[in-house]
Amino acid sequence: MDKCIAVIDTMFSRVDMGAVAYETLREELPDYKVERVTVPGAKDLPGAARRAIDYGCEGVITLGWIGKREADKITYLVSSMGLVMLGVLTGKIVIDVTVHEDEADNPKDLREIALDRARDHARNLAYMIKRPHDLVKRAGKGVRQGYPDAGPII
Amino acid sequence: MDKCIAVIDTMFSRVDMGAVAYETLREELPDYKVERVTVPGAKDLPGAARRAIDYGCEGVITLGWIGKREADKITYLVSSMGLVMLGVLTGKIVIDVTVHEDEADNPKDLREIALDRARDHARNLAYMIKRPHDLVKRAGKGVRQGYPDAGPII
Amino acid sequence: MDKCIAVIDTMFSRVDMGAVAYETLREELPDYKVERVTVPGAKDLPGAARRAIDYGCEGVITLGWIGKREADKITYLVSSMGLVMLGVLTGKIVIDVTVHEDEADNPKDLREIALDRARDHARNLAYMIKRPHDLVKRAGKGVRQGYPDAGPII
Amino acid sequence: MDKCIAVIDTMFSRVDMGAVAYETLREELPDYKVERVTVPGAKDLPGAARRAIDYGCEGVITLGWIGKREADKITYLVSSMGLVMLGVLTGKIVIDVTVHEDEADNPKDLREIALDRARDHARNLAYMIKRPHDLVKRAGKGVRQGYPDAGPII
Amino acid sequence: MDKCIAVIDTMFSRVDMGAVAYETLREELPDYKVERVTVPGAKDLPGAARRAIDYGCEGVITLGWIGKREADKITYLVSSMGLVMLGVLTGKIVIDVTVHEDEADNPKDLREIALDRARDHARNLAYMIKRPHDLVKRAGKGVRQGYPDAGPII
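Heads up: these notes are all about the structure in this document.

Cut-offs and rules
Residues numbered from 1 in each chain as written. Chains lettered and ligands numbered in written order. Predicted model: local features only at pLDDT ≥ 70, side-chain atom pairs only at ≥ 80, totals over all residues. Heavy atoms only, no water. Helix = DSSP H or I, 4+ residues; strand = E, 2+ residues; numbered from the N terminus. Rg over C-alpha atoms; globule rule 2.2 N^0.38 Å. Buried < 20%, exposed > 50% of the residue type's maximum accessible area, 1.4 Å probe, protein only. Contact = heavy atoms within 4.5 Å. Areas by Shrake-Rupley, 256 points an atom, 1.4 Å probe, with all protein chains shown as cover. Lys, Arg positive; Asp, Glu negative; His and termini not counted. Charge placed at Lys NZ, Arg CZ, Asp CG, Glu CD. Disulfide = S-S within 2.5 Å. Patch = residues over 30% accessible without salt bridge, like charges linked within 9 Å, V, L, I, M, F, W, Y side chains within 5 Å. Salt bridge = Lys/Arg side-chain N within 4 Å of Asp/Glu carboxyl O. Least-squares fit on C-alpha atoms with pLDDT ≥ 70 in both. Pairing = 2+ DSSP bridges. Axes fitted to C-alpha atoms, helices over the stretch in contact; angles between N-to-C directions. Buried area = accessible area lost by both parts, 1.4 Å probe. Polar contact = N/O pair within 3.5 Å; in protein donor to acceptor, adjacent residues only side chain to side chain.

Topic: the overall build of chain A
Along its length, chain A carries four helices and four strands. Overall, chain A shows an N-to-C arrangement of helices and strands of β-α-β-α-β-α-β-α. Taken over the C-alpha trace, chain A has a radius of gyration of 15 Å; the compact-globule value for 154 residues is 15 Å, and the two agree within 12%. Structurally, chain A occupies a C-alpha span of about 45 × 40 × 25 Å along its principal axes. Looking at chain A residue by residue over its 154 residues, the buried ones come to 65%. Long-range pairs, those at least 24 residues apart, make up 73% of the contacts in chain A with a sequence separation of at least 6. Total accessible area on chain A stands at roughly 5,700 Å², and carbon and sulfur atoms take up 47% of it. Separation of charge centres in chain A, based on 23 positive and 24 negative side chains, amounts to 2 Å.

Things to note about the state of the cysteines
Residue and element names in this part refer to chain C. Following the criterion strictly, the structure yields five disulfides over all chains and no others. The disulfide that involves Cys-4 links it to Cys-57, with 2.1 Å between the sulfurs. Judged by the sign of its S-S torsion, about -40 degrees, the cystine formed by Cys-4 and Cys-57 is left-handed. Here the residue Cys-4 occupies a position in strand E1 (residues 4-10), and Cys-57 occupies one in the loop between helix H2 (45-55) and strand E3 (59-66), the gap between them amounting to 53 residues. This pair shows no difference in class: Cys-4 is buried, exactly as Cys-57 is.

Here's the deal with a nonpolar patch on the surface
Residues A:Leu89, B:Leu89, C:Leu89, D:Leu89 and E:Leu89 make up a contiguous nonpolar surface patch of roughly 330 Å² in combined accessible area. Inspection of the secondary structure assignment puts A:Leu89 in helix H3 (residues 70-90).

Observations regarding the relation of the copies chain E and chain A
Taken as rigid bodies, chain E and chain A are interconverted by a rotation of 72 degrees and an axial shift of 0.0 Å, the fit giving an RMSD of 0.0 Å. Here the transformation between the copies is reduced to the relation of a five-fold axis. Of all interface residues in chain E, a mere 11% are interface residues in chain A too; the two copies therefore contact each other through different surfaces.

Some details on the sheet that holds strand E2 (residues 33-39) of chain C
All names here are of chain C. In spatial order, the strands read E2-E1-E3-E4; together these four strands make up an open sheet with parallel pairing. Each of the sheet's edge strands pairs with one partner strand only, and the pair in question is E2 and strand E4 (93-100). Here the strands of the sheet are splayed against their neighbours by 15 degrees on average, with no regard to which way each runs. Pairing analysis gives eight bridges linking E3 to E4, with the strands arranged parallel. Note on E4: the bridge partner recorded for Ile-61 is Ile-95.

What about the interface of chain E and chain A?
For interface size, the figure often reported is the accessible area lost on association. Listed as interface residues are 37 residues of chain E and, on the opposing side, 40 residues of chain A. Buried surface at the junction of chain E and chain A, both sides included, amounts to about 3,100 Å², of which 63% is carbon and sulfur. Summed over the three residues of chain E that lose the most area to chain A, namely E:Met11, E:Arg14 and E:Lys43, the buried surface amounts to 23% of that side. Seen at the junction of chain E and chain A, the total is three salt bridges. A salt bridge links A:Arg144 to E:Glu101, with the shortest nitrogen-to-oxygen separation between them at 3.7 Å. Linking chain E with chain A are 19 residue pairs in polar contact (both at pLDDT 80 or more), by the criterion used here. Only strand E1 (4-10), strand E2 (33-39), helix H2 (45-55), helix H3 (70-90) and helix H4 (107-130) of chain E provide two or more residues apiece to the side of chain E that touches chain A. Considering each element in turn, the side of chain E that touches chain A owes the most residues, eleven residues, to H3(E).

Topic: the sheet that holds strand E4 (residues 93-100) of chain E
All names here are of chain E. Spatially, E2-E1-E3-E4 is the arrangement adopted by the four strands of the open sheet, whose pairing is parallel. In this open sheet, the two edge strands, each paired with only one partner strand, are E2 and E4. Recorded for the sheet is a direction-independent mean angle of 15 degrees between the axes of neighbouring strands. In this structure, E1 lies alongside E2, joined through seven bridges in parallel fashion. Bridging across to E2, Ala-6 finds its partner in Glu-35. Helix-sheet contacts for helix H1 (residues 17-28) involve E1, E2, strand E3 (59-66) and E4, and the interaxial angle to E3 is about 155 degrees.

Things to note about the pattern of salt bridges
A side chain of one charge can pair with a side chain of the opposite charge when the charged atoms of the two come close. Summed over all chains, the structure comprises 81 salt bridges over all chains. Across the pair A:Glu28 and A:Lys130 runs a salt bridge, and its minimum N-O distance is 3.7 Å. Taken as a pair, A:Glu28 in helix H1 (residues 17-28) and A:Lys130 in helix H4 (residues 107-130) lie far apart in primary sequence, 102 residues in all. The partner of E:Lys73 in a salt bridge is E:Asp102, with the nearest N and O atoms 3.1 Å apart. Of the two residues, E:Lys73 is situated in helix H3 and E:Asp102 in the loop between E4 and H4; the sequence distance between them amounts to 29 residues. E:Lys73 sits in the buried class, given a relative accessible area of 6%. What emerges from the salt-bridge pattern is a single network uniting A:Glu28, A:Asp120, A:Arg123 and A:Lys130.

Bear in mind that shape data such as this cannot, by itself, settle questions of function.
Given below as structure tokens:
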């Protein structure tokens with residue numbers, strides 16, 4: 001089988017972050033097969049990521065969208081915990097990209113945040129696979145995804 | 001053994017979501033045996049889902065009902081965490097449907113939310129089993145279960 | 001060995017819920033050995049439940065008592081999470097009965113809640129072992145333990 | 001190897017709870033080797049407890065100290081969750097003793113709470129190893145560690 | 001292979017804590033290879049720590065940086081939970097160093113806290129590897145990293 005990575009997003013999301021992550025990874029990792037999977041919501045991401053790893057993928061990027069209610073924050077906790085545990089149990093690279101609806105009042109701003117974050121983290125995944133040691137140069141630089149970089153405190 | 005999926009709901013719930021999920025899955029997956037199981041409350045769902053997977057089911061839909069107290073939110077967290085970990089550990093499809101009593105002031109509204117959500121997620125489970133790649137078409141569309149779709153941000 | 005189930009309660013509790021669960025299970029499951037174990041507090045329940053399962057028990061009922069402070073809510077979360085994970089990892093029936101001190105202002109009321117809940121959940125455990133399919137009849141009926149049933153929303 | 005139990009405490013703590021637990025266990029379990037280990041803070045306790053179990057210890061008592069900030073409550077959650085999961089995964093006795101800095105305004109009071117709780121839980125550990133069935137007599141008695149007993153509700 | 005330990009930090013951090021931890025460990029453990037790894041953010045630390053352990057490292061120090069929003073606190077919980085579970089599952093030493101942006105109003109103060117904490121915990125890791133029993137002398141001494149020691153309550 002070709003080397004493979006997976007992009008997993010949700011129907012719940014109001015922005016097609018998966019498409020952006022997919023295109024970015026196709027460009028950045030031309031010798032990888034990029035699997036694209038969509039699940040209903042954020043709590044379905046960890047199980048789907050597990051199936052992608054079982055299928056043979058070296059890395060997974062998940063794209064979650066979290067509502068504004070208190071219960072939604074718990075959903076975020078549960079989904080991210082599952083993704084972290086998947087990484088702990090398998091040692092595979094699992095990048096958890098999450099957008100929270102309360103990050104912006106304006107839907108257009110939220111859309112920009114979501115698309116930027118998906119693109120930036122897809123690039124991060126490509127780096128972690130191709131040139132992991134290069135990331136050390138960016139250690140402590142206050143890099144952000146979906147916002148301008150905060151920069152280092154000098 | 002026939003191919004099988006499981007519907008697991010609770011006595012605690014004030015709406016018979018399990019019946020709706022059961023009927024929907026019988027229609028959508030006519031060649032599957034649909035196991036129906038009822039447990040006392042939401043914290044009993046993950047263990048019962050594990051037993052359904054041990055029995056041979058490919059997928060499980062659980063239907064939880066969560067009260068209004070602070071302790072109930074913790075119950076939601078714990079139940080959903082167990083279901084997510086079950087998916088991470090087994091790779092099986094586990095759809096966690098949860099209704100929160102504070103989603104509506106009016107019991108009738110709550111009933112509608114619960115029945116719609118159970119039906120919509122049962123269809124999602126059927127899609128994930130029969131035509132998983134079709135869901136990509138709905139990525140980022142702001143699909144909701146139990147509420148009108150939020151729609152994509154354009 | 002005889003078939004066995006376990007009742008595990010705490011010294012921290014202010015009501016002897018374990019005695020009620022024990023008597024109820026002796027009546028409901030006369031052909032089972034009922035192991036009774038007491039541990040200091042709620043965080044000791046999951047480990048003791050694991051030992052009861054290792055000993056050969058098919059099912060476990062734990063009876064926890066949670067104080068009013070913020071830290072106590074975290075204790076509830078941690079204890080229940082351990083019990084849910086035990087069910088996920090072993091597939092055994094683990095019924096987590098918890099009483100929160102802030103459920104009633106009056107100690108006598110709290111006592112009634114605790115005793116009713118222990119008895120009702122011990123019966124639930126017996127049902128889950130003897131006649132699991134009977135519980136489907138009670139799905140969505142708003143059944144409560146320690147309070148009057150909320151009933152179904154019609 | 002001799003039978004062994006472990007006492008694990010922290011440098012972060014402002015009271016030497018480990019010394020009290022160690023002395024108590026030496027008295028209560030004279031035929032056991034008592035390993036004493038100190039780690040930086042509460043999040044280091046579960047890993048150290050795992051190493052003590054790998055070393056051959058039958059039981060572990062950990063002594064954590066938690067600050068007043070919101071982030072410290074999360075630290076408590078994470079540390080206790082790790083200790084509970086260790087018990088669930090290994091079946092060994094793991095007693096998690098925790099003191100919260102917001103339990104008393106006065107440092108001297110906090111010191112008394114810490115020392116009493118360490119001593120009382122060390123005795124609990126000894127009981128759980130030597131005479132586990134004796135603890136049933138204290139079920140539901142409202143026993144406290146670090147405070148006067150709340151007593152049973154009669 | 002040489003004996004090895006790993007330093008894992010993030011691009012998200014606004015201070016290069018990894019460099020300080022790396023230099024400290026090079027001095028304190030001259031016969032160890034010190035692997036340095038950088039990942040995007042705190043939720044990527046547990047998976048990277050797992051890979052460092054698979055690679056053969058005896059111990060890992062992770063350096064996380066947590067923002068001020070409510071969702072960031074959940075990120076802290078999830079990241080630390082993964083690191084604790086890694087220690088529970090592998091028995092390896094995993095030191096989780098975290099700086100919270102709300103620990104100081106002034107960026108310069110935050111920088112001092114971060115650098116001191118990274119250095120102090122790197123020394124703790126070296127102690128835990130070279131002279132674990134020496135740490136017992138500091139039990140209950142109110143030792144802090146990034147702040148002045150609180151000292152023991154006498």
